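So you can see what is in the structure, the chains are spelled out below.
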Amino acid sequence: MKKTINPYLVLALAIVLPGAGHVAIREAPRGLVFAFFVLFFSVLTYVTTTPDQSFIGRHAGGLFVWALSIPDAYRRARMKYKTANRIAGVSGSR
């Protein structure tokens, strides 16, 4: 059985780089989709805003998707971690 990664480490990875948390929990396609949409919406909002907007304003779409990916990666990692510990606890007691 493969060892599961600590959910707090996944949380840190998701904060640092979009999609990295999902890749760490072996959900690479989901992580790459999040990374793609972060890039896509960053470019989209950058193109549709005026130059007098702040950096946050010009990339708001991508930052929003990034913010959505952080709790998603943590929640999925926590579920996998709990399931793995529950299975290990049941098999270890027999």
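Residues numbered from 1 in each chain as written. Predicted model: local features only at pLDDT ≥ 70, side-chain atom pairs only at ≥ 80, totals over all residues. Heavy atoms only, no water.

Novice: Quick rundown of the layout of surface pockets? Include the residues and the values.
Specialist: Considering only enclosed or pocket space, the largest pocket measures out at about 160 Å³ in volume. Partitioning the lining of the largest pocket into residue classes produces five nonpolar, one polar and four charged. (1 Å grid on protein atoms, 1.4 Å probe; cavity = no way out; pocket = protein on both sides within 12 Å on 5 of 7 lines; lining within 4 Å. Points joined across faces, edges and corners; volume = space filled by probe spheres on them. Nonpolar A, V, L, I, M, F, W, Y, C, P; charged D, E, K, R; others polar.)

Novice: Please provide a residue-by-residue account of a nonpolar patch on the surface, values included.
Specialist: On the surface, V33, F36, F37, F40 and L44 cluster together into a nonpolar patch covering about 450 Å² of accessible area. Among the structural elements, V33 can be located in helix α3 (residues 28-48). (Patch = residues over 30% accessible without salt bridge, like charges linked within 9 Å, V, L, I, M, F, W, Y side chains within 5 Å. Areas by Shrake-Rupley, 256 points an atom, 1.4 Å probe, with all protein chains shown as cover. Salt bridge = Lys/Arg side-chain N within 4 Å of Asp/Glu carboxyl O. Helix = DSSP H or I, 4+ residues; strand = E, 2+ residues; numbered from the N terminus.)

Novice: Provide a residue-level description of helix α1 (residues 7-16), including the pertinent values.
Specialist: Among all positions in α1, only P7, V10 and A14 are buried. Seen from one end, α1 has its buried residues packed into an arc of 55°, which puts them on one side. Those residues of α1 that are exposed and aimed more than 90 degrees away from the buried face are Y8 and V16. With a side-chain oxygen positioned 2.9 Å from the backbone nitrogen of Y8, the residue opening α1 is N6. (Buried < 20%, exposed > 50% of the residue type's maximum accessible area, 1.4 Å probe, protein only. Arc of directions from axis to C-beta. Polar contact = N/O pair within 3.5 Å; in protein donor to acceptor, adjacent residues only side chain to side chain.)

Novice: Outline α3, supporting the account with residue identities and numerical values.
Specialist: Along its 21 residues, α3 runs 30 Å from first to last C-alpha, staying within 8% of the 30 Å computed at 1.5 Å per residue. Those residues of α3 lying buried are G31, F34, V38, S42 and T45. Viewed along the axis of α3, the buried residues span an arc of 80°, placing them on a single side of the element. Along α3, the residues that are exposed and aim more than 90 degrees away from the buried face are P29, L32, L39, V47 and T48. (Expected span 1.5 Å × (residues − 1).)

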